[in-house]
Structures are given as C-alpha cells and as structure tokens.
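Fold and geometry: a report
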Amino acid sequence: MSDRLGPQVYSIAAHRGFADALVAGLLPRYSEDGLGLARLTLLLPSGRAIRTVSEAFVRRMGEDGGRQGLLLPRMVTIGDLSLDEALGPLLDPLGGGDGIPPAVDPTYRWLRLAALLTEEMGDQAPQGPPLFRQARMMAETMDRLLVEEIAPEDLIGERVKDVVGSVARHWEDSLRRFARVQARWLVELAAMGRVDAATRRNLLFGQAARAWRADPPATPIVAAGVTSAAPALARLLRVVSELPQGAVILPDLDLSLSDAAWAELGRAGQSDDAGGERLGREDAPTHPQYHLKLLLNRMGVNRGEVQQWHRRGIGAAPPERTHAVSALFLPPQASKSWVDLPSEKRRLAGVRLLEVGNPEEEAQAVALAVRQALEQPGERVAVVTPDRGLARRIVHHLRRWDIQADDSAGAPLGETRAGRALLLLAKVIADRAAPVSLIAFLGHPAMGIAGAQDERKARADWLDALRAFEDRLRGPRPAPGLGPLRHYAAKAKVPDWWEGVADKLEPLMGQHGDVPLADLLTGLAQTLEDFCGEHIWAREDGRALGSFVDELRQQSIAAGTLLDPRDLHDVLSDAMERVAVRPAYGGHPRVAIYGLLESRMARADLIICAGLNEGIWPGRASPDPLLAPPVLRALGVPGAEFRIGLAAHDLAGALGAPQVLLTRAERDADGPAIPSRFFLRIKALLGDLANRHEEKELPGLVRALRDAEPAALYPQPRPMPPAAVRRVSISATALDRLRSDPYQFYARSILHLDEKDPLDAEPSPAWQGTLAHAILEEWHKHGGALTDLAAKHLAEMDAHPLTRALWEPRLMAALEWIANEVEGDPDRTIVAVEEQAKRDYGGVEIKGTADRIDRLADGTYAIVDYKTGGPPSKKMVAEGFALQLGTLGLLLADGAYADRGIDGTPTRFEYWSLGRDAKSDTGFGYVTTPLKVGAARTGIEPDDFLPEARRFLHDALDRWILGNEPFTARPNPDLKLYATYDQLMRLEEWLGREE
C-alpha cells in the first residue's frame, strides 16, 4: 500500500477470513504511535459489517494479550437500500449535501405511487392490497434503475425500442405504464424539491468522489468489503483506490482464476463501443465472481492490477481451500478441467456434507453440531441460512441445552408478539368480528392485563371469560358485526366482560367504505393499547411497531391515502413483512445465526451452511414483474440471476472457514426437495471422495433424540367400568350407538364427553336438524306460515348471511313438501310433536322423543322421524344398529304415552327425509320405511318389527348395562359411523391389527 503505481486494490482470499485478515493487515500499518489507527477511516458496506470488524479488532487484541488500549478507526457505512440503511455521516454530513436536494420518504413514495397507478389505470386499476403491492414493486424497480443510473428517458430510448417488439404485449404495456407513472412521479418530486433516495445516494457518491479527487484527505481512507457494483459507487471506489493513503479491499476476488475462465464470465458491463451491449446474452451472472468483475469493470480496474492481501486472520483455513472453492465454481467451459484437476486443487478437508429427511431433522442436527462445537474451549460457531423458518427451529432446539442464540437476521414485524397483536386486530375489522379472528385476537398473550394491579389474576379472569364465550360461539358463523354476539355472551354468562370488549372495538367496526388510512391507524393503535396497555410498546418489537405505525400514519396524511377497512389487514401484513425486528444482543457469545446479508465478512471456527436446497439457497430467480428481461439487458441492468451469483459468493466465503458443515433436507412441506446446485457441484467436484465427507455421527444422534423404544401396539379399547357406573338411562338414539359402537356410548353416556363444534363451522347435520325440528315443532303446535317461522328461527340463530343464502332455499323447499304431505293425507291426525316419554325395562330407564306421532284412520299409530340427511338403511335396522323407530314404537306400545292420551299399537314407522329427491314436487323430501311393505323386497316384516326391537333392546341391556361385557371400540368397522371419538379410541393405531 506504499508504492503507488496505480489503483490500490486488494483481495482477501476466502480461506484467510475477511474481517480478521483485514484487521491483521491494518494494525501494523496504522497503529505505530497508538493514535494512528484512530486517523483511519474505514468505508464498510453496512452497520452489520461495522460490528463484525469491531469484534475482529477485539479478538486481535485478545490474541496480543491486550497489553495496551486501542482506539478503533472511524467506521462509516456506504449504506444499503435493501437493508434500509442510510449513508454514514462522512458521505452525508448531518443529512445535508452541498446543493443536493433531500430524499423523499420511501413510505410516502409508496403511497403516492399507489395513487398515481389508480389515476393512470382508471377502472382497470387493482383495488386494495394488490394495488399497494404493485406500487411497492414499482418503487423497487425505480430504485433498481436509479442505482444503475438509468434515466426515465432511457426507457423509451433506441436500445429499448429495438427489443420491445420482441416481447409479449403485456410486457410492452407494463413498460409504458411504468414510464408514464415514473414521469408523473418525477414531476411531483421536482415540485417538492426532493429526489429519490437512490438518486440522492448517487449524487452524494459523486460529490465525495469529486471532492476527494480535487483535494485528497490528509488521513487514510480504506474501503473494505464493499461489493456493490452501482456505477456511482464504483467511481467513488476508484477515487479511493487512487488516494495517496487510500485502498479498496475486496472479499474473495479469485486471482487464481485463469484468464479464459475470467473471460467466460462475459462482458460484465464492458462494451465495445459507447452505445453497445454492456450485458451479453452469454454472460454468467450466476457465477460468484461475476458481480466482482462487474465492479472492477465499472471502476476501470483490470484484474491483473489487484493485489493479494498480505495478511491472514485468526483461525484461517489452509490455502488449499481457496483453490478448491475456485475450482468448484468454474464456469461451464472451464469446468471441463475437473477431469485433470490435481488433488490439491480439489482438497476440501474440513468440509462435511449432511443430508437428512426433513427440515425438523436438519434443525436438530445443526443444533447438535453447535452443541458439540461449544464443547471445545473458545471455539466460535456461526450458522448461515437464508431460511428464516429453519433458523427459528435451530434457535428453539438450542434452548434444550440452555444455549440462547440470537438470529441476527431478525423476524418480520408481523411475526413478533406486538406485530401479531396489531394484525389480529386488523383481521377482526376486516372479517367483521368473525369468530376465528375475534377469538384469536382476544386470546393473544398480551390481552386482559391492561391497567391491572395483579396481572396474573387479571389474565386468569380474562381467560375464564374468553373460554366461556368461545364455548358458546362454536358452530356456524353468526351474522357479521358485534351486535349478534351479545346473546352468545349472555348465554355464556359473561355479558359485562363482553360489553367491555365491544365498547373498545365499536369505534373501529363502525367505519365503512374508503376512509383515511391515518384515521384507521390511529384507531388501531389506540384500541390495541386499550386492550394490552402501554407495555405492548415496551420491548424491541413494540418499539419497532410503534415506529412503523407512526411513520405510516404521518406519510399517509401527507399522501392523502384512503383505504377500505376490510383491506387494512392485508396491506399492513405486506408492509410489516419487510420490517425486520432484530433481538437485543445478549445471546451466547460464541454462537451466531446469520442470514446471507448478515453473514458477509463474518468468520467462525465452524460455519454451518443450512438449507442448501433450490429455492432457498439459492433463492428462486423471480424475474422483474414490471420490466421484461430483454429490456433490462438492453438497459445494462443485471437480471434476476444476478442474485444467484451473490448467493454463490456468500457460500464461497463461508467455505473458507476452517471447519464447514453443509446441510440440506431431502423433503420439505411440499414434498421432495431438489438439492442446491451448489451442493451438487461440491459432490461432483469431490467425485469418489464425497462419501468420505459425509457426516456420519449427527444423523445417529438425531435418531437417538427423536426415536424412543418401539411401543407395544395399542390394543383395541375395551373399557369395563363397574356395575354402578354402567346403570345409566338410555335414549333411543343412544341405544343405536351402544349396539353399533359400544365405545362411543361409553364415551358419551358414561364419561359424558360431548363433541364441540369448531369455530366458524360449516352447518352440520346436527345444526340443520335442530333448526328444522324447531320450525316444525312450532308449526305443528301453533300453526302459521312455514316461511315466516323459518325466517324467525333463522333470525334467532343469528345465522351468517352466506349460511342463510345457502341453506334457506333448500330448507324452505323441504318444509313446503312436508306441508303438502300433511295436508294431502286427511286420514292421518297429528297427535304429538316432539313428545318425550320414558319407561323402565329391567331396572333401566329407556327414554325417547318422538318427532311426530300420527293417529291413523284405523286407530293405530304412525311414528315419524324427521331426517335432514339420509335415513339409515334397511340392513342397519335389520341388524339392530338403527333402533330409534323401534324403541319409540316399544315405548308407545308399552303405554309410555298413555298419560297423554296416546295408547294403542304403532303400525307404521316412517323416516321423513328433507334431502334432495327428484320425485318430490319441490325437489326435496321423501318418505321411507324400514318395513317390508307394499312393493318392497327387503326390510323387516311389519309383524316382526317390534318383537325384533324388543329383542335387540334386552340383548343390549343384558350385555352392557346389566352385564359386564366390555364397551369394545368399533366391533363393526364396516359400519358408517360418526368419527367423533376416533381420536379418543386411537383408532388408527390398532384398526386392522386386532387379534
């Protein structure tokens, strides 16, 4: 760095460890007098990089014994738009710039672009969340073009015109729409006296470059780890490299790559003439060196001018590792040399490969590897993965050993405790207090403790009320809004609790149509605080949420944004997905979990690269949704494949660690997963040696933790309660259950375990039956129009409008059929409706409720059972598994209804189904009987029906109620039964394996 014969550009090889090697080279150069290092200015890519380099300085002092203090250099960020980082104060002093306009707020731009899109597209504009998503994509594309210094007029220049005709029509329309919206936006910016943030960065870079070229700083300036190939930044780095005391230090520029392989990477920004093609069709943007070649070309620096850094870092890997990494990522033609590649060029000692079955096993294996590494004193471990779900699994597994690891990539704001609460509240508004979203919000861990002296008691009381309310709310969705929920709260005996909830929610629920987004956010934040108290804003996620809401509210006021409350949840969810909340530092000092951006420049003794599957590492190369790839190529803007090259460079840097573990799962939630192209290249490079690099120990440990000793097969349940417990009263429907599946009878009638409907359930047969029986009972007893009665009962149930719309027409058609049948048979007289009776049989009370009893012309009786679905088959009745009609017939024949004037012999047994039937005059409704009457060829003979019912009744009583036979689960597996208690009886664990 002393003899300046040209630009001073250096490369730190991957095996040296960038941050530690950087510090090792800077210390002897600048710290001779104790204060020299403090005069140095380091230009670093991000705030994360500053922390990484600071830690490297601390480690270096520890290696030297820490005998004297050290003043660190001034570290300034170049900043990163994708990380929402601003420029450091050296490049943007106090947010000002000589003659450079201030930057417009990105949130304001996003909201205004949504409005401009609506104006531009008119009736064709998307509404709600899709509109704001398209506005955000447009903002990202603008930044992408501005960083590359593509002016709006370039979009309609000759280079673009030449390719527009070759793309599909929708791409052409998208380009024109984008150009028009950007032109309108730039007019607004000019009127405000502002510029886009990307434009301001370019101007500040240019200003600094001119100032330093004209008057070089008296103190040294070194740019380290900066790999962004933005033209303005590249020009600034060129100036830094030519300063008397300046240098540019790049991470892992492959100086050993042959000239032929380097040329195979493509043009990378170089053109044969001023207006020529700068990104060739044969370029290799997926190569890890491509973005560095692009940067060097834009700096005007030849690769031959780049020097190898003269120092290595603490814990550097053997030099052979860098040669192997270089060979690993050779471009296609150059990779033919693998055939003759000597062993020292493919040596990957210290690199292990691990493939497991699924992401859960992968997370467990990674956690075990971390645990093993920490057994070695002083050893540092870093886990690198772009899969945030996998990172969270690893964090949770490490807690098994009380290892607190911080995921430095953070979590999306919407997945944090505070962010989830806000989104749930917005969902309540969007769904008009639908049960699922309402209960999810009210059950959030922060609910119920606002303003309480004893938070534990307040929370317990809140949950008691919530559980009672939820229990009553189960079933089909009620009508939208808060009003219909009051009678559910009354039934749950928590009316006061519900009124308190409703009073807080009412201001938000009363807004309809497009309203100011600022008003919605103000109400949302205030309501959230009313429920949760001020502590909801206290932690890092609460502070991030408060800043997010306040920023969005202020900018929406400035932009005049209107929004339908029903769209609030989805708009906020999309916006919060882009806000990362990072935990406060304080985890294990030797463990770090990074995303790809955070891992750059970091180094550890063991680096674990996890999630090496296609679509994760590298991520999917999604094309720009607004500009066609040929258009971007014509403009000289790298396409979506460029990000694959960055992901490859991140992996190449990680492979430079002394010990590396590469992991992947063979399956994910969607099915078989495809190995990462990088993982496959490593196995191909190793060839026959790949087996030697497989991790053997960790899968066995995972299985040992996961798999217990094989348990004995679960037996078919056969509970045998004592006699005193067995003697219970039996209803006619329960008798059917007892004979068909004794275990279900045991669970319901003896253990009293009733099934609960889920929230927001589909209208079940039981719900439909309850409604139909209530209507028919009132009609039979009090008369009136069936239409009016149906409307009345549906209103009392507060059924959701959609439920009514789907169910009511069918119900009305079936009720009309019943009315026609009753009126069309004057020889039958209805004598009882929903009439209950009971009688003692062998000391056991048998009870039943007849839906309808008719007196026939000959003085005998007909028993009618209404069914909203299909009635039981004649075979089930004959085998004694559907005895309801027969049991009711026995009760009538044995005088159970005599005190109500119904005494005689039942001769007809009929199911009146409300199901669809083509022969019905209304399309719904038909009558069937289990008896062999008329032209029927099957069924029980009429004279045998009651005797058979009596035989089956006494058989059931003697065996299960009065006897000691076990209540065996599913003795008749071929019967179509309710699955209510299948989980309780653990059906799938034994069915088909019975002895």
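This one's a predicted model, so the numbers in the text were calculated from it and none came from an experiment.

1. So, empty space enclosed by the protein
In total, this model carries three cavities of 30 Å³ or more according to the counting rule given. Its volume calculated, the largest cavity comes out at about 90 Å³. The wall of the largest cavity is formed by Ala14, Asp252, Asp254, His287, Pro288, Gln289, Thr322, Val325, Ser326, Phe329 and Ala652. Taken together, the residues of the lining of the largest cavity sort by class into five nonpolar, four polar and two charged.

2. Examining the packing of helix α4 (residues 106-121) against helix α21 (residues 540-559)
In the contact formed by α4 and α21, the axes pass within 9 Å of each other and the chain directions differ by 45°. Put simply, α4 runs oblique to α21. Relative to α21, α4 is oriented so that their crossing is right-handed. Judged by residue contacts, Thr107, Tyr108, Trp110, Leu111 and Arg112 of α4 engage Glu551, Leu552, Gln555, Ser556, Ala558 and Ala559 from α21. Considered class by class, the residues forming the contact of α4 with α21 number six nonpolar, three polar and two charged.

3. Section: the pairing of strand β21 (residues 829-841)
Of the pairings in the sheet, the one linking β21 to strand β22 (residues 844-855) comprises eleven bridges and is antiparallel in character. Note on β22: the bridge partner recorded for Gln836 is Thr849. Between the end of β21 and the start of β22, which pair antiparallel, lie two residues, with Gly842 showing a positive phi angle near 60°.

4. Digging into the nonpolar core
Of all hydrophobic cores here, the largest spans 94 residues; its most connected members are Phe469, Trp497, Trp498, Leu505, Leu528, Leu545 and Leu572. For Leu572, the contacting residues outside a window of four places in its chain are Leu422, Leu423, Ala426, Leu521, Leu524, Phe548 and Leu552. With 83 residues, the next largest nonpolar core counts Leu91, Ala234, Leu353 and Ala657 among its residues.

5. Considerations on unusual backbone geometry
Here the bond from Trp617 into Pro618 is cis, since omega is 5°, no more than 30 degrees from zero. One non-glycine residue, Arg432, lies in positive phi territory at about 55°. Its location among the elements puts Arg432 in the loop between α15 (417-430) and α16 (435-442). For Arg432, a relative accessible area of 25% gives the class partly exposed. A positive phi angle, close to 60°, is found at His752, a residue other than glycine. As for its position among the elements, His752 is in the loop between α30 (742-750) and β20 (759-761).

6. A closer look at the sheet that holds strand β15 (residues 606-609)
The parallel open sheet is built from five strands, whose spatial order is β7-β16-β15-β8-β14. What marks the edges here is a single partner per strand, and that holds for β7 (351-356) and β14 (591-594). Here the strands of the sheet are splayed against their neighbours by 15° on average, with no regard to which way each runs. The sheet contact formed by β7 and strand β16 (residues 659-665) spans six bridges and is parallel.

7. Quick look at the pairing of strand β23 (residues 861-867)
Of all seven residues that make up β23, six are buried, and the element is covered over most of its length. Across four bridges, the pairing between β22 and β23 is antiparallel. Paired with Ile853 across the two strands is Ile863, which belongs to β23. Of the pairings in the sheet, the one linking β23 to strand β24 (residues 906-916) comprises seven bridges and is parallel in character. Across the sheet, the residue bridging to Lys867 is Ser913, located in β24.

8. Topic: the packing of aromatic side chains
Evaluated as defined, the whole model comprises 17 aromatic pairs. Relative to Phe531, the ring of Phe441 lies with its centre 5.1 Å away and its plane at 85°, an arrangement referred to as edge-to-face. Taken together, the positions of Phe441 in helix α16 and Phe531 in helix α20 (residues 517-532) put the pair 90 residues apart, joining distant regions of the chain. Judged by centre distance (5.6 Å) and plane angle (55°), the ring pair of Phe469 and Trp497 falls under tilted. Pair noted here: Phe469 is in helix α17 (residues 455-473) and Trp497 is in helix α19 (residues 495-509), with a separation of 28 residues, a long-range link.

9. Things to note about a nonpolar patch on the surface
Together, Leu751, Leu753 and Leu984 make up an exposed nonpolar region whose accessible area comes to about 230 Å². Using a relative accessible area of 37% as the deciding quantity, one classes Leu753 as partly exposed.

10. Quick look at the packing of helix α32 (residues 786-796) against helix α33 (residues 801-823)
At a minimum axis separation of 10 Å, α32 and α33 run at an interaxial angle of 145°. Classified by chirality, the crossing of α33 by α32 is right-handed. When α32 is examined against α33, the residues Leu786, Thr787, Ala790, Ala791, Leu794 and Ala795 are found in contact with a partner set consisting of Arg804, Glu808, Met812, Leu815, Glu816 and Ala819. Taken together, the residues of the contact of α32 with α33 sort by class into eight nonpolar, one polar and three charged.

11. Quick look at the environment of Ala411
Examined against the element boundaries, Ala411 turns out to sit in strand β9 (residues 411-412). Remark: the alpha-carbon pair of Ala411 and Asp541, spanning 130 residues in sequence, is separated by 9.4 Å.

12. Considering the environment of Val631
Within the element layout of this structure, Val631 appears in helix α24 (residues 629-635). Taking the C-alpha atoms as reference points, Val631 and Asp958, separated by 327 residues in sequence, lie 85 Å from one another. Setting aside its immediate chain neighbours within four residues, Val631 contacts Val160, Val163 and Leu175.

13. Describing α15
Taking 1.5 Å of rise per residue, 14 residues should cover 20 Å, and α15 covers 20 Å from first to last C-alpha, within 8% of that figure. Burial within α15 is extensive, with ten of its 14 residues counted as buried. One or two residues past the end of α15 sits Arg432, with phi positive at roughly 55°.

14. Thoughts on the pattern of salt bridges
Taken as a whole and judged by the stated rule, the model has 57 salt bridges. Lys457 serves as the salt-bridge partner of Asp461, at 2.8 Å between the closest nitrogen and oxygen. You can see Asp461 and its partner Lys457 sitting in helix α17, four residues apart, about one turn around the helix. Among the residues examined, Asp461 registers a relative accessible area of 40% and is labelled partly exposed. Overall, Lys457 belongs to the partly exposed group, its relative accessible area being 48%. We note a salt bridge from Arg950 to Asp894, for which the minimum N-O separation is 3.1 Å. With Arg950 in helix α36 (residues 942-961) and Asp894 in the loop between α35 (884-893) and β24, the pair connects residues that are 56 residues apart, well separated along the chain. Overall, Arg950 belongs to the partly exposed group, its relative accessible area being 30%. Salt bridges here are not isolated pairs; linked through shared partners, they connect Arg828, Arg852, Asp854, Arg908 and Glu910.

15. Some remarks on the sheet that holds strand β1 (residues 9-12)
Pairing in this open sheet of six strands is parallel, and the strands run β3-β2-β4-β5-β1-β6 from one edge to the other. Two strands bound the open sheet, and with one partner strand each, they are β3 (74-77) and β6 (307-308). When strand β2 (residues 41-44) meets β3, the two strands line up parallel, connected through four bridges. Bridge assignment links Leu42 to a residue of β3, and that residue is Met75. Sitting on the sheet, helix α1 (residues 18-30) touches β1, β2, β4 (221-224) and β5 (246-251), and the angle it makes with β5 is about 160°. Running at roughly 125° to β5, helix α9 (residues 231-242) makes contact with β1, β2, β4 and β5 of the sheet.

16. Comments concerning helix α13 (residues 359-374)
Look at α13: 23 Å from first C-alpha to last across 16 residues, which is about the 22 Å you get at 1.5 Å a residue. Of all 16 residues in α13, twelve are buried; the element is thus mostly enclosed. Among all positions of α13, only Glu361, Glu362, Ala363, Gln364, Ala365, Val366, Ala367, Leu368, Ala369, Val370, Ala373 and Leu374 are buried. Between a side-chain oxygen at the N-terminus of α13 and the backbone nitrogen of Glu360 the separation is 3.1 Å; the capping residue is Asn358.

17. Some words on the environment of Val844
As for its position among the elements, Val844 is in strand β22. Distance from Val844 to Leu279, taken between C-alpha atoms, is 90 Å for residues 565 residues apart in sequence. Those residues within four positions of Val844 in sequence are excluded, and the remaining contacts are Arg727, Val728, Ile730, Arg839, Leu957, Ile961 and Leu962.

Procedures and definitions
- Residues numbered from 1 in each chain as written.
- Predicted model: local features only at pLDDT ≥ 70, side-chain atom pairs only at ≥ 80, totals over all residues.
- Heavy atoms only, no water.
- 1 Å grid on protein atoms, 1.4 Å probe; cavity = no way out; pocket = protein on both sides within 12 Å on 5 of 7 lines; lining within 4 Å.
- Points joined across faces, edges and corners; volume = space filled by probe spheres on them.
- Nonpolar A, V, L, I, M, F, W, Y, C, P; charged D, E, K, R; others polar.
- Axes fitted to C-alpha atoms, helices over the stretch in contact; angles between N-to-C directions.
- Helix = DSSP H or I, 4+ residues; strand = E, 2+ residues; numbered from the N terminus.
- Parallel < 35°, antiparallel > 145°, perpendicular 65-115°, else oblique.
- Left-handed = near helix turned anticlockwise from the far one by under 90°.
- Contact = heavy atoms within 4.5 Å.
- Pairing = 2+ DSSP bridges.
- Core = buried A, V, L, I, M, F, W, Y, C linked by side-chain atoms within 4.5 Å.
- Buried < 20%, exposed > 50% of the residue type's maximum accessible area, 1.4 Å probe, protein only.
- Phe/Tyr/Trp six-rings, centres within 6.5 Å; stacked < 30°, edge-to-face > 60°.
- Patch = residues over 30% accessible without salt bridge, like charges linked within 9 Å, V, L, I, M, F, W, Y side chains within 5 Å.
- Areas by Shrake-Rupley, 256 points an atom, 1.4 Å probe, with all protein chains shown as cover.
- Salt bridge = Lys/Arg side-chain N within 4 Å of Asp/Glu carboxyl O.
- Expected span 1.5 Å × (residues − 1).
- Polar contact = N/O pair within 3.5 Å; in protein donor to acceptor, adjacent residues only side chain to side chain.

Function cannot be read off these values alone, since they describe shape.
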